[in-house]
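Overview (structure and organization)
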Number of protein chains: 2
Amino acid sequence: MTGVTRPPKKTALDHGRRTTIDFESETVCRILDAAESIFAENCYAGTRMDEIAAVAGVNKATIYYHIGGKEKLYDVVLTRHFTHFANRLERELADCADPVEGLRGVVRIHAEEFIRNNNAPRTIAHELAGGSRRITPELVAAYARIHGVTARFVAEGMASGRLRPVNPAVLQVVLAGSLLVNTINAPFRSQLAATLDPGQPPMPTLPDMAAFLEDVVIAALTTMP
Amino acid sequence: MTGVTRPPKKTALDHGRRTTIDFESETVCRILDAAESIFAENCYAGTRMDEIAAVAGVNKATIYYHIGGKEKLYDVVLTRHFTHFANRLERELADCADPVEGLRGVVRIHAEEFIRNNNAPRTIAHELAGGSRRITPELVAAYARIHGVTARFVAEGMASGRLRPVNPAVLQVVLAGSLLVNTINAPFRSQLAATLDPGQPPMPTLPDMAAFLEDVVIAALTTMP
DNA sequence: CCTACCGATCGGTAGG
DNA sequence: CCTACCGATCGGTAGG
């Protein structure tokens with residue numbers, strides 16, 4: 001013994017359980033991206049840790065080392081997405097003083113994010129359909145921030161007379177819900193289009209949906225200037 | 001051997017595979033209802049045949065006897081629902097000559113059916129999110145009938161000038177999609193409501209959503225008389 | 001319709 | 001001593 005008291009070793013493990021996740025690690029990023037895509041395809045219950053490991057190109061034990069078990073991995077994937085989404089909405093619309101432009105921005109950002117990455121919304125659809133049993137309070141808090149952006153524009157618009165009275169939660173479901181459904185039903189749309197008459201209007205893309213929501217739904221709530 | 005040539009026994013089995021399903025059987029009905037609720041809760045991949053048997057109150061082998069394997073059972077559950085839905089829409093709205101009243105009827109019937117049985121819509125949400133890999137052509141055809149009701153009212157309304165131009169597929173996603181999302185997110189809504197300020201407007205019920213879709217969305221598409 | 005099982009595969013963890 | 005893994009296998013359970 002040297003008699004020198006050393007500081008406690010820095011470790012990411014506490015009683016065999018990881019306390020922090022290194023989001024800077026490229027391995028962690030590959031695992032989370034792989035998990036997100038397989039949770040989207042097969043739902044929580046249908047997803048196998050082996051498949052996530054195979055897609056991520058790592059040994060399965062590496063997932064347990066870096067992140068944790070299946071439930072923890074699921075929670076981290078969802079939290080990462082909701083946090084990113086809420087951050088972007090708040091950042092890009094914080095300075096928007098016009099409630100109508102703000103709601104249009106909400107639609108635009110939802111559409112852009114769903115186009116950029118449809119795996120997270122698909123996983124969320126599974127989670128909602130399954131009864132939201134695996135939603136943590138932190139996840140609800142993150143979604144409350146997303147809901148809060150819409151609620152703020154509705155409240156300001158109603159106060160200033162720019163918007164007709166509307167329940168912001170109803171509007172949020174119509175705007176985000178329509179875009180969510182048109183995101184997850186893409187393969188089904190293709191199957192349906194093949195059975196319809198060629199003369200029928202084409203199946204809607206996400207920008208088509210966004211345009212309708214802005215030009216019809218939001219416009220209908222806007223008072224004449 | 002008696003030497004008497006008997007006719008082939010009437011059987012529902014052909015090379016060990018069932019060719020017809022007796023939908024009048026109470027056992028079959030219990031199996032399908034149990035399967036519908038568990039597919040809704042756990043998605044196709046997460047559903048265990050043992051659990052369906054337990055909820056239905058039958059031995060697991062009975063499911064294979066009456067209906068077939070897991071994929072067949074899933075297909076029968078979805079087909080039963082889509083067929084019922086399409087039948088009701090066509091029956092109740094066949095005589096409706098007013099396109100605006102017709103679209104309001106589409107919203108009302110969707111809402112009523114989703115309230116009556118939310119298990120089928122939840123299973124469909126799982127199926128869409130998972131990429132619609134298990135949708136059969138018969139199922140697409142059944143949905144095409146549902147889509148056709150909305151498309152007919154839109155076409156008639158645009159022809160007569162009662163409705164502004166709109167892609168019927170866009171409108172169908174906004175109407176049915178909003179109601180679908182507000183059906184499957186019920187447990188999540190409760191969790192979200194608990195975190196919001198008590199002064200906030202209440203989380204929307206399905207009738208709230210239906211009222212918005214009729215009074216704002218459909219109204220916005222309606223021309224002045 | 002049930003009992004008695006099977007090939008395989010599940011999420012998670014051992015030692016090195 | 002530590003970190004970041006790997007090859008192999010654990011006790012149980014899935015669909016059939």
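Residues numbered from 1 in each chain as written. Chains lettered and ligands numbered in written order. Predicted model: local features only at pLDDT ≥ 70, side-chain atom pairs only at ≥ 80, totals over all residues. Heavy atoms only, no water.

**Some points on the overall build of chain A**
Worth spelling out the cut-off: A run of DSSP states H or I qualifies as a helix once it reaches four residues; a run of E qualifies as a strand once it reaches two. Both are numbered from the N-terminal end. Only the C-alpha atoms count toward the radius of gyration. The rule for a globule is 2.2 Å times the residue count to the power 0.38. Contacts between residues were defined by any pair of non-hydrogen atoms, one from each residue, lying within 4.5 Å. The protein chains shown are the only cover counted for residues, whose accessible areas, like all others here, come from Shrake-Rupley with a 1.4 Å probe.
Counting secondary structure elements, chain A contains 10 helices and 2 strands. Starting at the N terminus, the α and β elements of chain A follow one another as β-β-α-α-α-α-α-α-α-α-α-α. Rg of the C-alpha trace for chain A: 22 Å, well past the compact-globule value of 17 Å for 225 residues, more than 25% over. Dimensions of chain A along its principal axes, counting C-alpha atoms only, are 80 × 50 × 30 Å. Residue pairs in contact within chain A that sit at least 24 positions apart in sequence constitute 71% of those at least 6 positions apart. Carbon and sulfur atoms make up 55% of the accessible area of chain A, which amounts to about 10,700 Å² in all.

**Examining the protein's contact with DNA strand C**
Defined as follows: Whether a residue is near a molecule or strand depends on its heavy atoms: it is near if one of them lies within 4 Å of it. Whenever a nitrogen or oxygen atom comes within 3.5 Å of another N or O atom, the pair is scored as a polar contact, on the condition that within protein one atom can donate a hydrogen and the other can accept it, and that pairs from neighbouring residues in sequence are kept only if both atoms are in side chains. Residue type decides the class: Asp, Glu, Lys and Arg count as charged, Ala, Val, Leu, Ile, Met, Phe, Trp, Tyr, Cys and Pro as nonpolar, and the leftover types, Gly among them, as polar.
Contacts to DNA strand C come from 13 residues, most closely from Thr47, Arg48 and Lys60 of chain A together with Asn59 and Thr62 of chain B. At 3.1 Å, a side-chain N or O of Tyr64 of chain A approaches a phosphate oxygen of DNA strand C. Elements supplying a minimum of two residues to the surface near DNA strand C: helix H3 (60–66) of chain A together with helix H3 (60–66) of chain B. Ranked by residue count, the leading element in the surface near DNA strand C is H3 of chain B, at 4 residues. By residue class, the composition of the surface near DNA strand C is 4 nonpolar, 6 polar and 3 charged.

**Let's talk about the interface of chain A and chain B**
Spelled out, the test is: Accessible-area loss on putting two parts together, using a 1.4 Å probe and summing over both, is the definition of buried area adopted here. Any Lys or Arg side-chain nitrogen located within 4 Å of an Asp or Glu carboxyl oxygen qualifies as a salt bridge.
Listed as interface residues are 54 residues of chain A and, on the opposing side, 54 residues of chain B. Carbon and sulfur atoms make up 74% of the area that chain A and chain B hide from each other, which totals about 4,400 Å². Area buried by chain A at its contact with chain B is led by Ala129, Phe188 and Phe212 of chain A, which between them contribute 13% of it. Counting across the chain A and chain B interface gives 2 salt bridges. Close ionic contact of Arg133 of chain A with Glu41 of chain B constitutes a salt bridge, the shortest N to O distance being 3.6 Å.

**Let's talk about the nonpolar core**
To keep things clear, this is the line we draw: We call a set of buried Ala, Val, Leu, Ile, Met, Phe, Trp, Tyr and Cys residues a nonpolar core when their side-chain atoms join them within 4.5 Å. Buried, partly exposed and exposed residues are distinguished by accessible area as a fraction of the type maximum, computed with a 1.4 Å probe on protein chains only: under 20%, between the cut-offs, and over 50%, respectively.
Counting 146 residues, the largest nonpolar core has Leu73 and Phe212 of chain A together with Leu73 and Phe212 of chain B as its most contacted members. Not counting residues within four places of it along the chain, the set of residues in contact with Phe212 of chain B comprises Val166, Val170, Leu171, Val174, Val217 and Leu221 of chain A together with Val217 of chain B.

**Comments concerning the packing of helix H8 (residues 168–184) of chain A against helix H9 (residues 186–195) of chain A**
Residue and element names in this part refer to chain A. Rules: For helices, the fitted line uses only the C-alpha atoms of the stretch in contact; every axis is such a line through C-alpha atoms, and the angle between N-to-C directions lies from 0 to 180 degrees. Convention used here: angles under 35 degrees read as roughly parallel, angles over 145 as roughly antiparallel, angles from 65 to 115 as roughly perpendicular, and any remaining angle as oblique.
The contact between H8 and H9 brings their axes to 4 Å, and the two run at 65°. If you check the angle between H8 and H9, you find them roughly perpendicular. Contacts between H8 and H9 pair Asn182, Thr183 and Ile184 from the former with Ala186, Pro187 and Arg189 from the latter. For the contact of H8 with H9, the class distribution of residues is 3 nonpolar, 2 polar and 1 charged.

**A few points about the relation of the copies chain A and chain B**
Operational definition: For this overlay, a least-squares fit was computed on C-alpha atoms, restricted to residues scoring pLDDT of at least 70 in both copies.
When chain A is fitted to chain B, the residual RMSD is 0.1 Å, and the transformation amounts to a turn of 180° plus an axial shift of 0.0 Å. Within this description, the copies of the chain are treated as partners about a two-fold rotation axis. Interface overlap between copies is the fraction of interface residues in one copy that are interface residues in the other; for chain A against chain B it reaches 100%, indicating a shared surface.

**Brief notes about the confidence of the model for chain A**
What counts, and what does not: The pLDDT score gives, residue by residue, the confidence of the prediction method on a 0 to 100 scale.
Confidence in the prediction for chain A averages 90 pLDDT; 91% of positions are at 70 or higher. A low-confidence stretch, residues 1–16 of chain A stays under pLDDT 50, and its non-local contacts, those more than four residues away or across chains, total 7 contacts.

**Observations concerning the pattern of salt bridges**
The final tally for this structure, using the stated rule, is 36 salt bridges over all chains. Between Arg145 of chain B and Glu90 of chain B there is a salt bridge whose closest N-O contact spans 2.9 Å. Taken together, the positions of Arg145 of chain B in helix H7 (residues 137–160) and Glu90 of chain B in helix H4 (residues 70–93) put the pair 55 residues apart, joining distant regions of the chain. By relative accessible area, which is 34% here, Glu90 of chain B ends up partly exposed. Overlapping salt bridges, with partners in common, bring together Arg88, Glu92, Arg108, Glu112, Glu113 and Arg116 of chain A in one network.

**Structural notes on the packing of aromatic side chains**
Which entries qualify depends on this criterion: Only Phe, Tyr and Trp rings are paired, with Trp represented by its six-membered ring, and only when their centres lie within 6.5 Å; those with planes under 30 degrees apart are stacked, over 60 edge-to-face, the remainder tilted. We call a charge positioned above a ring when the Lys NZ or Arg CZ atom is no farther than 6 Å from the ring centre and deviates by at most 35 degrees from the ring normal.
The final tally for this structure, using the stated rule, is 12 aromatic pairs over all chains. Ring geometry for Phe188 of chain A against Tyr143 of chain B: centres 5.3 Å apart, planes inclined by 75°, an arrangement best described as edge-to-face. Pair noted here: Phe188 of chain A is in helix H9 and Tyr143 of chain B is in helix H7, and the two residues belong to different chains. Neither residue differs from the other here; Phe188 of chain A and Tyr143 of chain B are each classed as buried. A ring pair is formed by Phe39 of chain B and Tyr74 of chain B, whose centres lie 4.9 Å apart and whose planes are at 80°; its orientation type is edge-to-face. Taken as a pair, Phe39 of chain B in helix H1 (residues 26–46) and Tyr74 of chain B in helix H4 lie far apart in primary sequence, 35 residues in all. In this structure, Lys70 of chain A is placed above the aromatic ring of Tyr44 of chain A, and the distance from its NZ or CZ to the ring centre is 4.6 Å.

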